[in-house]
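# Overview (structure and organization)
Below, each chain spelled out in residue letters.
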Amino acid sequence: MEFKIARPVWSRELKNEWNILLAFSGNFDKKSGGYVFRAAADNFYRLSVNGKFVFYGPERCAKGHWRADELDITEYLSDGENSVLIEVIHYGVGSLSYVNQKAFLMAELLCDGEPVLYTAKEGGGFTVRRNVSKIQKVERFSYQRPFIECYELPFEYSGELELEEVGDIDLLDRRAPYPDFDSAYPKTLVSEGSFRMRSDISTKPYDRRIVKNISDYCYPVSEIPVLYRERIANIELTGSTEKNTATGAGYAASFCGGEFKLYGMESEKTGFLSLSISAECDSEIWLTFDEVLYEGFVNPRKRNNSCTSVIVLKVKKGTHDFMSIEAVSFKYLQIYCLSGKAELSG
């Protein structure tokens, strides 16, 4: 695939940083004609149009090469002004999920072949900022995968970043089919109850994430403010009631500090965890997930101590929409409210 005008770019000051999430945003007035979006990135990108998720890519590729996507997004546009947001994450570390290569985004939006928005060192119509609400210094998800997701909501962004062009990008056409991205909702509220955080658990089983001979692996433990793999180990359920009641698309649930709820999908799914949060006060929510239950609950530390299967959300009072940047696979979702009071829906 050949791009008409876009160039591969990245932040000049963040090119050597790990676990960086950049936001490329642009606005335009819709004209008559067909709108085609093209993109390639490292590690990957998420495209939203007018605040709604549209696509995630690109397809994985071999070292030294990157695949490019091309899709018609005309159906997602409205008359008048439209907004496009491309979120790009680059981990900068070695893993079995992604080849550790140079960070970049190369993207353009064309209307009947004419440029509307495109990436470039200067101009092109995109404003580029860093999402500073994604906590940078966190532990790895596992030996195989890079960092866990931990956020402070609402999202806040840096000032506009200076870009530089990234050279030697060898593009290949996409070969895999484009996914549909259907929505799926928990089918059942399996159980609910209460928990506390113990402080007397000191056992630290063998953990493959502790690696000392790989330079591009993880932050030193001394630089990570919270080790969630250890905090998860300190969870003790103090009460549980079996429910097995139906849930669905319109379901909503209230949480207070020290409460949990366990949900089950109809079958194992792979995708992005998405929800709306209405917090009555500052709150902390943990989303833990797994393919199976251990002793009747999601317990990533006991079932597999080499995975930190948690997404951490530290939310301010107010209403927030959230979608994980990484796709995860699970059948069971156990939500803990560490503090505060909030209603979760969607």
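You'll find the structure just up there.
Not measured: the values here are computed from a predicted model. (Residues numbered from 1 in each chain as written. Predicted model: local features only at pLDDT ≥ 70, side-chain atom pairs only at ≥ 80, totals over all residues. Heavy atoms only, no water.)

Another aspect to go through is the overall build of the chain. Secondary structure assignment for the chain yields 2 helices and 23 strands. Over its C-alpha trace the chain gives a radius of gyration of 21 Å, about what one expects of a compact globule, namely 20 Å for 346 residues. Per-residue burial over the chain gives 48% buried out of 346 residues. Element-wise, carbon and sulfur atoms account for 45% of the exposed surface of the chain, whose accessible area totals about 16400 Å². Once the 42 positive and 50 negative side-chain charges of the chain are each reduced to a mean point, those two points are 6 Å apart. (Helix = DSSP H or I, 4+ residues; strand = E, 2+ residues; numbered from the N terminus. Rg over C-alpha atoms; globule rule 2.2 N^0.38 Å. Buried < 20%, exposed > 50% of the residue type's maximum accessible area, 1.4 Å probe, protein only. Areas by Shrake-Rupley, 256 points an atom, 1.4 Å probe, with all protein chains shown as cover. Lys, Arg positive; Asp, Glu negative; His and termini not counted. Charge placed at Lys NZ, Arg CZ, Asp CG, Glu CD.)

In strand β18 (residues 274-279), alternate side chains face the same way, and those of Leu275, Ile277 and Ala279 are buried while those of Ser274, Ser276 and Ser278 on the opposite face are not. Direction of pairing for β18 relative to strand β21 (residues 318-323): antiparallel, over a ladder of 6 bridges. Bridge assignment links Ser278 to a residue of β21, and that residue is Thr319. Relative to strand β23 (residues 341-345), β18 is paired through 4 bridges, and the arrangement is antiparallel. Residue pairing across strands places Ala279 opposite Ala342, the latter belonging to β23. (Pairing = 2+ DSSP bridges.)

Quick look at the nonpolar core now. Counting 57 residues, the largest nonpolar core has Trp286, Leu287 and Leu313 as its most contacted members. Looking at this core element by element, the count peaks at 7 residues for strand β22 (residues 328-339). Once residues lying within four places of it in the same chain are set aside, the contact partners of Leu313 are Tyr151, Leu153, Leu275, Ile277, Ser283, Glu284, Ile285, Leu287 and Phe322. Of all hydrophobic cores here, the second largest spans 42 residues; its members include Ala41, Val84, Ala103 and Val128. (Core = buried A, V, L, I, M, F, W, Y, C linked by side-chain atoms within 4.5 Å. Contact = heavy atoms within 4.5 Å.)

Before going further, it helps to spend a moment on the sheet that holds β18. The antiparallel open sheet is built from 4 strands, whose spatial order is β16-β23-β18-β21. Bordering the open sheet on either side are β16 (252-256) and β21, each of which pairs with just one other strand. The sheet shows a mean angle of 20 degrees between the axes of neighbouring strands, direction not considered. For β16 and β23, the ladder comprises 5 bridges, and the chain directions are antiparallel. In the strand pairing of β23, Ala252 is matched with Ser345. (Axes fitted to C-alpha atoms, helices over the stretch in contact; angles between N-to-C directions.)

Evaluation of the coordinates by the stated rule reveals 29 aromatic pairs. Relative to Tyr98, the ring of Tyr91 has its centre 5.9 Å away and its plane inclined at 40 degrees; by these criteria the two rings are tilted. Between Arg140 and the ring centre of Tyr217, over which it is positioned, the NZ or CZ distance is 4.1 Å. The ring of Tyr178 has Arg174 sitting right over it, with the charged end atom 4.5 Å from the ring centre. (Phe/Tyr/Trp six-rings, centres within 6.5 Å; stacked < 30°, edge-to-face > 60°. Lys NZ or Arg CZ within 6 Å of the ring centre and 35° of its normal.)

Turning our eyes to something else, we now look at the sheet that holds strand β20 (residues 310-315). The mixed open sheet is built from 7 strands, whose spatial order is β11-β20-β19-β22-β17-β14-β15. The sheet is open, and its two borders are formed by β11 (149-153) and β15 (235-246), each paired with just one other strand. Across the sheet, the mean angle separating the axes of adjacent strands is 20 degrees when strand polarity is ignored.

On to unusual backbone geometry. Here the bond from Asp42 into Asn43 is cis, since omega is 5 degrees, no more than 30 degrees from zero. Turning to its location among the elements, Asn43 is positioned in the loop between β3 (35-42) and β4 (44-49). Cis geometry is adopted by the peptide bond preceding Pro154, which originates at Leu153 and carries an omega value of 5 degrees. Notably, Asn244 is not glycine yet its phi reads approximately 55 degrees, a positive angle.

Scanning the model with the defined rule gives 2 cavities of 30 Å³ or more in all. Roughly 80 Å³ of volume is contained in the largest cavity. Considering the residues around the largest cavity, the lining is formed by Phe141, Arg145, Pro146, Phe147, Ile148, Glu149, Phe289, Val310, Ile311, Glu326 and Val328. Classifying every residue of the lining of the largest cavity by side-chain character gives 8 nonpolar, no polar and 3 charged. When its volume is computed, the second largest cavity comes out at roughly 30 Å³. Forming the walls of the second largest cavity are Asn43, His90, Tyr91, Gly92, Val93, Ser95, Tyr98, Val99, Asn100, Gln101 and Pro146. Partitioning the lining of the second largest cavity into residue classes produces 5 nonpolar, 6 polar and no charged. (1 Å grid on protein atoms, 1.4 Å probe; cavity = no way out; pocket = protein on both sides within 12 Å on 5 of 7 lines; lining within 4 Å. Points joined across faces, edges and corners; volume = space filled by probe spheres on them. Nonpolar A, V, L, I, M, F, W, Y, C, P; charged D, E, K, R; others polar.)

This part covers the pairing of β20. With 5 of 6 residues buried, β20 is to be regarded as a mostly interior element. In this structure, β11 lies alongside β20, joined through 5 bridges in parallel fashion. Bridge pairing in β20 places Tyr151 opposite Leu313.

One pass over the structure, following the stated rule, counts 19 salt bridges. Between Glu165 and Arg7 there is a salt bridge whose closest N-O contact spans 2.8 Å. Taken as a pair, Glu165 in strand β12 (residues 163-165) and Arg7 in the segment before β1 (9-11) lie far apart in primary sequence, 158 residues in all. Note that Glu87 is salt-bridged to Arg46, the shortest N-O span being 3.1 Å. (Salt bridge = Lys/Arg side-chain N within 4 Å of Asp/Glu carboxyl O.)

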